[in-house]
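Breakdown of the fold
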Number of protein chains: 2
Amino acid sequence: MVSEALRDVLDGRWVAIRRAVREELGAEFVAVPGETGDEARERISRLIRKLPTDVGVASAFPAGHGGSGDQGGSVVAAEMLAYLDLSLMVKAGVQWGLFGGAVVALGNERQHAAYLKDIIDTEILGCFAMTETGHGSDVQQLRTTCVYDPATQTFDLHTPHEAARKDYIGNAARDGRMAVVFAQLITGGKSRGVHAWLVPIRDGNGDPMPGVTLGDAGPKAGLLGVDNGRISFDHVSVPRDMLLDRYGQVAEDGTYSSPIENDTRRFFTMLGTLVRGRVTVGGAASAATREALTIAVRYGETRRQFTAPGAEREIALNDYLAHQRKLLPALATSYAYAFAQEELVGTLADVQGGSGPADEHQQRELESRAAGLKAMQTWHATHTIQMCREACGGAGYLAENRLPGLKADTDVFTTFEGDNTVLLQLVAKGLLTGYRDAFGSLDGWGRATFVAEQVREMVLERTAARALIQRLVSAVPGRGEEVAVTDRGWHLTMFEDREKHVLEGAIRRLRSGAATKKDRPFEIFNDVQDHVLKTATAHIDRITLEAFVAGIERAPGTAEKALLNKLCDLYALTVIEADKGWFLEHGRLTPARSKAVTAVVNDLLRELRPSMRTLVDAFAIPEEWLNCAILREEPDRQDVMAAHDAGA
Amino acid sequence: MVSEALRDVLDGRWVAIRRAVREELGAEFVAVPGETGDEARERISRLIRKLPTDVGVASAFPAGHGGSGDQGGSVVAAEMLAYLDLSLMVKAGVQWGLFGGAVVALGNERQHAAYLKDIIDTEILGCFAMTETGHGSDVQQLRTTCVYDPATQTFDLHTPHEAARKDYIGNAARDGRMAVVFAQLITGGKSRGVHAWLVPIRDGNGDPMPGVTLGDAGPKAGLLGVDNGRISFDHVSVPRDMLLDRYGQVAEDGTYSSPIENDTRRFFTMLGTLVRGRVTVGGAASAATREALTIAVRYGETRRQFTAPGAEREIALNDYLAHQRKLLPALATSYAYAFAQEELVGTLADVQGGSGPADEHQQRELESRAAGLKAMQTWHATHTIQMCREACGGAGYLAENRLPGLKADTDVFTTFEGDNTVLLQLVAKGLLTGYRDAFGSLDGWGRATFVAEQVREMVLERTAARALIQRLVSAVPGRGEEVAVTDRGWHLTMFEDREKHVLEGAIRRLRSGAATKKDRPFEIFNDVQDHVLKTATAHIDRITLEAFVAGIERAPGTAEKALLNKLCDLYALTVIEADKGWFLEHGRLTPARSKAVTAVVNDLLRELRPSMRTLVDAFAIPEEWLNCAILREEPDRQDVMAAHDAGA
């Protein structure tokens, strides 16, 4: 069957983990609609302790400490959990990804030996205490302090004011026993920038440790099963050996040393080792999106409304062009992101999977793509799940049909693990500086303006299937009318050309701003912020299309290839159509060709209409996981009604 | 103060009701974040009985029966309740709008005398039982039957199968004592189309009446305080005098008579009298949007993140161009819809406020605008509240900051009281047929294709401030470059021209489809559905801009006029910018002018930046109603942090 062949293509490199999760996790792990907050927290707290670790959730831990050193596997496992219950996925992500991952990445061998086993086994549940009430995006400016005192050989961890309290911290309100706490290290009277400590926050009875104040973030829009909370420290004494000191050591006498001289560079190197969180969020958002699309597409196959003149049965929603216009481009985009995510996870595994330090260029490239794809996938999730909700009408508003949960749970994904707009700035900055000296990714507007002046000649770096893409691009006969609107080389050229032109334009505008507004660095950048952000989206669109093109090559047969090619046409052309204003403004489309793009999109919708069900079946979400009332009832109801009407 | 002058402009014709609600309803009526479903239902059930009726909620009832016959006042009162608690607004809308409104509009004088007082006083809480599980949009095809038997002089009300059960019905799960039930009337063995009956569903003890099965729709995404449920009837006997018989009477012997011969026409006339529900939903959605914008704009004034090189304080979010790009166009659009809604409510009051039947042309026009503005305002709400949530970061995800509730509660507005896509079809159909014989608004695709062939020469009917708009349009020197991008006449011309051209194109395509696909009427329409829907949005955009232009005239002083003019520039230009692809395709913008539009939009953002706070303060939402934690805490936190940093 085509849907099974497509499933195998989508399952990709971590097929074993995907299959294991599908087989091992049943109804017990599926989200329960309509729970109270307390019920949800209790259930998720119980389930996280019951999750079998052989489904990959702990695979990123070092081979010697209960894992297999496979970063990719842990991302894929989390993505699979997202189909089941997003609270469970986030709770698992906090425990094994953020908390455990920070101990792995920032701790030393002794700390690994002391804690990792208990972390994997959920003997110790923990927090990743970075964000503060006053600083979310600009984490380099955290206000919590941790001052070393050689006399006692302890650190004094302190929250100086309310804005410095740790906020929105998963596992803090209820279950967390320890926390990785990020704070400004001060030793020898000098600030050394943000570092992390492993700090007990609750005792064995679940009561706060002395000096630690724990609060509840209170009811949230979604993710009810995650106990987000607040943590404040009142001069808490932390032993010297609890500093996670891989990137900065404090000797007994307070002497500070680090393999990385520059504070900013060190901080972003530390953050860079934690990039997996972002990759995980993007993947989970896309899984939730595929689940919503599965529900809406299947509902649209059986739900009928309005009768055409002369017809007997009412018309299925999926037969309406307006309905196809909603669902099919979103489906095509979801395939595109599935391929782009698979490639990103592969890069993560390859770059961070070695024993030595990651190659710096590759690491920066990885961080940029992780940031960009996280932003694009989470926005796609927000828009698409909302659209699916509406496509199911009133039924989509009922919790029993899963869409409200998918929507509410993923909503925060656009602003956590990095606010999307800030992440796109990070991507843009990488592009603007040609990945050179601007390392220091989240430090605001100022610096990049000056670096932009030295930007090198832009050569876009191709990602997947380089040779194939080069061949397709080279085969385009030239600009304009003579090439078919469905020519893949033309799509690739359009995407590349837009990225290059937008980027060069941004650089030109920054330079001209820098020349006239030397004393107002914020204005230089702020005046073109919208243009700068567009460089990022154009870039991510291009690498997404390239990943789709490469993904099609992996399809086993001509039927699957043909279907994926049509879907890729739809993805490429709806991206072009959505930005046709830009392409027309810049002479990349004539008005006639622009109209032809819209006409061909509508043709593609008609051609793909019969494959809608196949395309969602290929996501291979077990029926038990969908747990959606309208999918169980609707066919029956429609048949009963049709039979009744026929008899009446 | 400018904000107070603007408030008075926005308060408009029903200023007295707005002021009364602001003064009389305090903290007790404000939404409580984080409640369970049961708590919310209990609270709302209590509050609806405590709502003082002198704040306008019952003003649409006839003067002789406890109201003042003021349809507009009741819409405005509901809009004000939307600021407080959307569950309360919807519960009130179900009780006094849908249920009570149906008894008023469809019932006779005897029924008015018997029930209206108890309905106003909440002695009888009631349901509007129209939607069925199987039919939401296509309500003419309801499957519930009500068969008259002359022998017993009763009707037999029956649910033939599960898809015919009444679904999503407010007040059904818990509080409803009676219901207005819509069903197919059958008398003398002949079907007479959909009619409505007043039917007791619960006895004095709250138990279901014999033959009535009541269910709970279960947990929903939002509106937790509204007890939506399901109702089925097992051959329930309904006395003859419970038929709401204004538009169709059944004599003792079963003889049917009606002032309107045609079944379809009668049905849509009946529906037309209930148009107020749609007007109310659009207004409430916009109120929730203004509340979300108030929160996001005020947070963006005090929340600071990232420091520019050489600067001391961090930068306020509202100073970032990207943040302005999110908030300000949404704010401008919200002003535009506030003016359009005020005009629509005025039309409703004027058209339906007389003692005799409404003028047919005016009534159709009213229904079309109610449908279109409901769709556009509710989508604007969904997009804007989501954007405000993101603009507040993690804080926006906490229930204590109101945005999750505003989002979840308004979410269903895009599909209830008419699915937005279906509503836009209704608008388009009105435009296509020149409001002629196509009356029969929601009956699917088929018919209009044939009517379109007879479409008259298009003359766009101007709405508000006709003379002023004509003067502005006439003053435009000609197409193209010579007129300023901020020229109001040019904006009006662009909006009008787009509407006319899109409409004429749709007609041309329908005609050509009709010529070649005579035997496939569904295809004729479906092939151009996207084009047809665009005629509706272009139309509503145009009447919205005209309402904004007319609204500016009502501003008292030059300062307010100047501010509103700038905001109207931003509204008009962001609409043009969002659709620049179309304008470029059709030669209405040159590439250079299209780029100029974007540049001027950015200029306007900078110019409007200092007025952001003023613009939301003019919404005049009492501080007590906002009840938003970040608005209470944030300024303090920022000051403490700044003071601390300065001292450190």
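Every value quoted in this text rests on a predicted model; they were computed, and no experiment measured them.

As a further point, take helix α5 (residues 86-106) of chain B. Residues and elements named next belong to chain B. The sharpest bend along α5 reaches about 35° and sits at Gly-93. Counting buried positions along α5 gives 20 out of 21 residues, so the element sits mostly inside the fold. With a side-chain oxygen lying 2.8 Å from the backbone nitrogen of Ser-87, the N-terminal cap of α5 falls on Asp-85.

By a widely used convention, the size of an interface equals the accessible area lost when the partners come together. Contact with chain A, which involves 91 residues of that partner, is made by 91 residues of chain B. Counting the surface lost from both chain A and chain B, the interface buries some 7,300 Å², and carbon and sulfur atoms represent 56% of this. With its nearest N and O atoms 3.9 Å apart, the salt bridge here joins Asp-530 of chain A to Arg-325 of chain B. Linking chain A with chain B are 56 residue pairs in polar contact (both at pLDDT 80 or more). Classifying every residue of the side of chain A that touches chain B by side-chain character gives 34 nonpolar, 28 polar and 29 charged.

Before going further, it helps to examine the relation of the copies chain A and chain B. With an axial shift of 0.0 Å and an RMSD of 0.0 Å, the rotation relating chain A to chain B amounts to 180°. This pairing of chains is accounted for by a two-fold axis. Closest approach to the rotation axis among the C-alpha atoms of chain A is made by Gly-581 of chain A, whose C-alpha sits 1.9 Å away. Interface residue correspondence from chain A to chain B reaches 100%, placing this contact among same-surface, isologous pairings.

Moving on, we get to the sheet that holds strand β8 (residues 229-233) of chain A. Residue and element names in this part refer to chain A. Strand order in this open sheet of 3 strands is β4-β8-β7, and the pairing throughout is antiparallel. At either margin of the open sheet sits one strand with a lone partner, and together these are β4 (166-169) and β7 (212-216). The sheet shows a mean angle of 20° between the axes of neighbouring strands, taken without regard to direction.

With that settled, the discussion passes to the nonpolar core. Most often, soluble globular proteins keep nonpolar side chains buried together rather than apart. In terms of nonpolar packing, the biggest core is built from 426 residues, with Phe-182, Tyr-335, Phe-413 and Phe-548 of chain A together with Phe-182, Tyr-335 and Phe-413 of chain B touching the most fellow members. Discounting residues that sit within four places of it in the chain, Phe-548 of chain A has contacts with Ala-332, Tyr-335, Ala-336, Phe-339, Leu-564, Leu-567, Cys-568 and Tyr-571 of chain A.

Below, the discussion takes up the side chain of Asp-167 of chain A. Residues and elements named next belong to chain A. By the secondary structure assignment, Asp-167 is in strand β4. Residue class for Asp-167 comes out buried when judged on its relative accessible area of 2%. A polar side-chain atom of Asp-167 sits 2.9 Å from a polar atom in the side chain of Arg-230. Setting aside residues up to four positions removed in sequence, Asp-167 forms contacts with Thr-131, Glu-132, Thr-133, Gly-229 and Arg-230.

We now examine the pattern of salt bridges. Residues and elements named next belong to chain A. Tallied over the entire structure, the rule returns 98 salt bridges over all chains. For Asp-216, the salt bridge identified is with Arg-41, shortest N-O distance 2.9 Å. Here Asp-216, found in strand β7, pairs with Arg-41, found in helix α3 (residues 37-50); they are 175 residues apart in sequence, far enough to count as distant. Given the relative accessible area of 12%, Arg-41 is considered buried. We note a salt bridge from Arg-498 to Asp-579, for which the minimum N-O separation is 2.8 Å. With Arg-498 in helix α15 (residues 488-516) and Asp-579 in the loop between α18 (558-578) and α19 (580-585), this residue pair connects regions lying 81 residues apart in the sequence.

So, about the environment of Val-139 of chain B. As for its position among the elements, Val-139 of chain B is in the loop between β1 (126-129) and β2 (145-149). Discounting chain neighbours no more than four positions away, the residues touching Val-139 of chain B are Met-130, Val-194, Phe-267 and Leu-271 of chain B.

All right, on to the packing of helix α9 (residues 321-352) of chain A against α18 of chain A then. For any two helices packed against each other, the geometry is given by the interaxial angle and the distance between the axes. All names here are of chain A. Orientation of α9 relative to α18, taken along the N-to-C sense of each, is 105°, at an axis distance of 9 Å. Here α9 is positioned roughly perpendicular relative to α18, judged by the angle of their axes. Along the contact surface, α9 presents Arg-325, Leu-328, Pro-329, Ala-332, Thr-333, Tyr-335, Ala-336 and Phe-339, while α18 presents Leu-564, Leu-567, Leu-570, Tyr-571, Thr-574 and Glu-577. Residues that form the contact of α9 with α18 fall into these classes: 10 nonpolar, 2 polar and 2 charged.

Looking now at the sheet that holds strand β4 (residues 166-169) of chain B. All names here are of chain B. Spatially, 3 strands are ordered β4-β8-β7 in an open sheet, and the strand pairing comes out antiparallel. Taken across any chain shown, the strands that pair with only one partner, and hence form the sheet edges, are β4 and β7 (212-216). Sheet twist, expressed as the average angle between the axes of neighbouring strands with direction ignored, equals 20°. Examined bridge by bridge, β7 and strand β8 (residues 229-233) share 5 bridges and lie antiparallel to one another.

A few words on the packing of aromatic side chains. Geometry of an aromatic ring pair is reported as the spacing of the ring centres plus the angle between the planes. The full count for this structure, using the stated rule, is 24 aromatic pairs over all chains. Note on Tyr-320 of chain A and Phe-522 of chain B: the rings are 5.6 Å apart at their centroids and 80° apart in plane angle, and the pair reads as edge-to-face. Taken together, the residues Tyr-320 of chain A in the loop between α8 (276-302) and α9 and Phe-522 of chain B in helix α16 (residues 521-526) connect one chain to another. In this pair, the class of Tyr-320 of chain A matches that of Phe-522 of chain B, namely buried. Geometrically, the ring pair formed by Phe-267 of chain B and Phe-268 of chain B is edge-to-face, given 5.1 Å between the ring centres and 75° between the ring planes. Each member of the pair, Phe-267 of chain B as well as Phe-268 of chain B, is classed as buried. Through a chain of ring-to-ring contacts, three or more aromatic side chains come together here, namely Phe-339, Phe-495, Phe-548 and Tyr-571 of chain A. The aromatic ring of Phe-495 of chain A is capped on one face by Arg-498 of chain A, whose charged end is 5.7 Å from the ring centroid.

Now for the side chain of Lys-91 of chain B. All names here are of chain B. When you line up the elements, Lys-91 lands in helix α5. Relative accessible area serves as the criterion here: at 2%, Lys-91 is assigned to the buried category. Contact partners of Lys-91, with chain neighbours within four places excluded, come to Ile-44, Ile-48, Asn-171, Asp-175, Gly-225, Val-226 and Asp-227.

Residue and element names in this part refer to chain B. Most of β8 is tucked away, with 4 of its 5 residues classed as buried. Direction of pairing for β4 relative to β8: antiparallel, over a ladder of 2 bridges. By the bridge assignment, Lys-166 is partnered in β8 with Ile-231.

Residue and element names in this part refer to chain B. Tracing the backbone shows Glu-123 in the loop between α6 (109-120) and β1. Judged by relative accessible area, which is 52%, Glu-123 ranks as exposed. Once the C-alpha coordinates of Glu-123 and Trp-490 are considered, the two residues, 367 residues apart in sequence, prove to be 55 Å apart. Discounting chain neighbours no more than four positions away, the residues touching Glu-123 are Asp-118 and Arg-177.

On to the confidence of the model for chain A. Residue and element names in this part refer to chain A. In this model, chain A carries a mean pLDDT of 92, and residues with pLDDT of at least 70 account for 92%. Counted against residues more than four places away or in other chains, residues 435-458, with its pLDDT under 50, gives 64 contacts. For this predicted complex, the interface confidence reaches an ipTM of 0.94, while the overall pTM sits at 0.95.

Here we take up the environment of Arg-13 of chain B. All names here are of chain B. Mapped onto the elements of the fold, Arg-13 is located in the loop between α1 (2-11) and α2 (15-24). On a C-alpha basis, the gap between Arg-13 and Ala-287 in space is 17 Å, while along the polypeptide they are 274 residues apart. Every residue in contact with Arg-13, bar those within four places of it in the chain, is listed here: Glu-342, Gly-346, Ala-349 and Asp-350.

Before going further, it helps to examine the packing of α3 of chain A against helix α5 (residues 86-106) of chain A. Residues and elements named next belong to chain A. The contact between α3 and α5 brings their axes to 10 Å, and the two run at 55°. Relative to α5, α3 is oriented oblique. As α3 runs across α5, the sense of the crossing is right-handed. Residues Ile-44, Leu-47 and Ile-48 of α3 pack against Ser-87, Leu-88, Lys-91, Ala-92, Gln-95 and Trp-96 of α5. Residue classes in the contact of α3 with α5 are distributed as 6 nonpolar, 2 polar and 1 charged.

Quick notes on the rules
Residues numbered from 1 in each chain as written. Chains lettered and ligands numbered in written order. Predicted model: local features only at pLDDT ≥ 70, side-chain atom pairs only at ≥ 80, totals over all residues. Heavy atoms only, no water. Bend = angle between axes of the 7 residues up to and from the residue. Helix = DSSP H or I, 4+ residues; strand = E, 2+ residues; numbered from the N terminus. Buried < 20%, exposed > 50% of the residue type's maximum accessible area, 1.4 Å probe, protein only. Polar contact = N/O pair within 3.5 Å; in protein donor to acceptor, adjacent residues only side chain to side chain. Contact = heavy atoms within 4.5 Å. Buried area = accessible area lost by both parts, 1.4 Å probe. Salt bridge = Lys/Arg side-chain N within 4 Å of Asp/Glu carboxyl O. Nonpolar A, V, L, I, M, F, W, Y, C, P; charged D, E, K, R; others polar. Least-squares fit on C-alpha atoms with pLDDT ≥ 70 in both. Pairing = 2+ DSSP bridges. Axes fitted to C-alpha atoms, helices over the stretch in contact; angles between N-to-C directions. Core = buried A, V, L, I, M, F, W, Y, C linked by side-chain atoms within 4.5 Å. Parallel < 35°, antiparallel > 145°, perpendicular 65-115°, else oblique. Phe/Tyr/Trp six-rings, centres within 6.5 Å; stacked < 30°, edge-to-face > 60°. Lys NZ or Arg CZ within 6 Å of the ring centre and 35° of its normal. pLDDT = per-residue confidence, 0-100. Left-handed = near helix turned anticlockwise from the far one by under 90°.

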